[in-house]
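Fold and geometry: a report
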Amino acid sequence: MRAFRGQMSDNQPIRRSLPEKQKQLRDLKETLAAMKSHTSPALKESVRKRIAQLEAELTAAPVLKSNRSGGAPRAKQERGSTPRRPTIRSI
């Protein structure tokens, strides 16, 4: 049976917001600090790698946010200035 488009099993990355990424970074740092000495080196390295990825994304986030914010408020203003059509309700 095939998955329909957009289903969670589509093997697509989960998109996280900036606060979610910050929380995940904190959690991973705590996890790395709490790891015992006998924890496998491969597991420690994978956690360190993910921490480095998140830090890179978070440092790039303000740049991306400023680029996106240039067009976003204008679109909201345009939408707000146009009158909305009345909703048709059927009983």
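Residues numbered from 1 in each chain as written. Predicted model: local features only at pLDDT ≥ 70, side-chain atom pairs only at ≥ 80, totals over all residues. Heavy atoms only, no water.

Quick look at the overall build of the chain now. Each helix and strand in the chain was counted, giving three helices and zero strands. What you see in the chain, going N to C, is helices and strands ordered as α-α-α. Of all 91 residues assigned to the chain, the portion counted as buried reaches 12%. When the accessible surface of the chain is summed, it comes to about 8,700 Å², and 55% of that surface belongs to carbon and sulfur atoms. (Helix = DSSP H or I, 4+ residues; strand = E, 2+ residues; numbered from the N terminus. Buried < 20%, exposed > 50% of the residue type's maximum accessible area, 1.4 Å probe, protein only. Areas by Shrake-Rupley, 256 points an atom, 1.4 Å probe, with all protein chains shown as cover.)

According to the stated counting rule, one finds four salt bridges in the structure shown. In this structure, E57 engages K21 in a salt bridge whose closest nitrogen and oxygen atoms are separated by 3.0 Å. Of the two residues, E57 sits in helix 2 (residues 41-69) while K21 sits in helix 1 (residues 18-34), which places them 36 residues apart along the sequence. (Salt bridge = Lys/Arg side-chain N within 4 Å of Asp/Glu carboxyl O.)

What follows concerns the side chain of T39. Considering the arrangement of structural elements, one finds T39 in the loop between helix 1 and helix 2. Among the polar contacts listed, one links the side chain of T39 to the backbone oxygen of K36, at a separation of 3.0 Å. (Polar contact = N/O pair within 3.5 Å; in protein donor to acceptor, adjacent residues only side chain to side chain.)

Quick look at helix 1 now. Helix length check: helix 1, at 17 residues, gives a terminal C-alpha distance of 24 Å against a target of 24 Å (1.5 Å per residue), a fit within 8%. Among all positions of helix 1, only Q24, L25 and L28 are buried. Viewed end-on, helix 1 has its buried residues packed into an arc of 105°, placing them on one side of the element. Turned more than 90 degrees away from the buried face of helix 1 sit P19, E30, A33 and A34, all of them exposed. (Expected span 1.5 Å × (residues − 1). Arc of directions from axis to C-beta.)

Grouped together as the largest cluster of nonpolar side chains are seven residues: L25, L28, M35, V47, I51, L54 and L58. Residue assignment for this core shows that the elements contributing at least two residues are helix 1 and helix 2. Per-element accounting of this core gives the leading share, four residues, to helix 2. When neighbours within four sequence positions are excluded, L28 is seen to be in contact with V47, R50, I51 and L54. (Core = buried A, V, L, I, M, F, W, Y, C linked by side-chain atoms within 4.5 Å. Contact = heavy atoms within 4.5 Å.)

As a further point, take the side chain of K44. Residue position: K44 is located in helix 2. For the buried K44, no salt bridge exists, and the shortest N-O distance to an oppositely charged side chain is 10.0 Å, to E45. (Lys, Arg positive; Asp, Glu negative; His and termini not counted.)

Right, let's talk about the confidence of the model for the chain for a bit. For the chain, per-residue confidence averages 78 on the pLDDT scale, and 62% of positions sit at 70 or higher. The secondary-structure element of the chain with the lowest mean pLDDT is helix 3 (residues 72-81), recorded at 54, while helix 1 shows the highest, at 94. (pLDDT = per-residue confidence, 0-100.)

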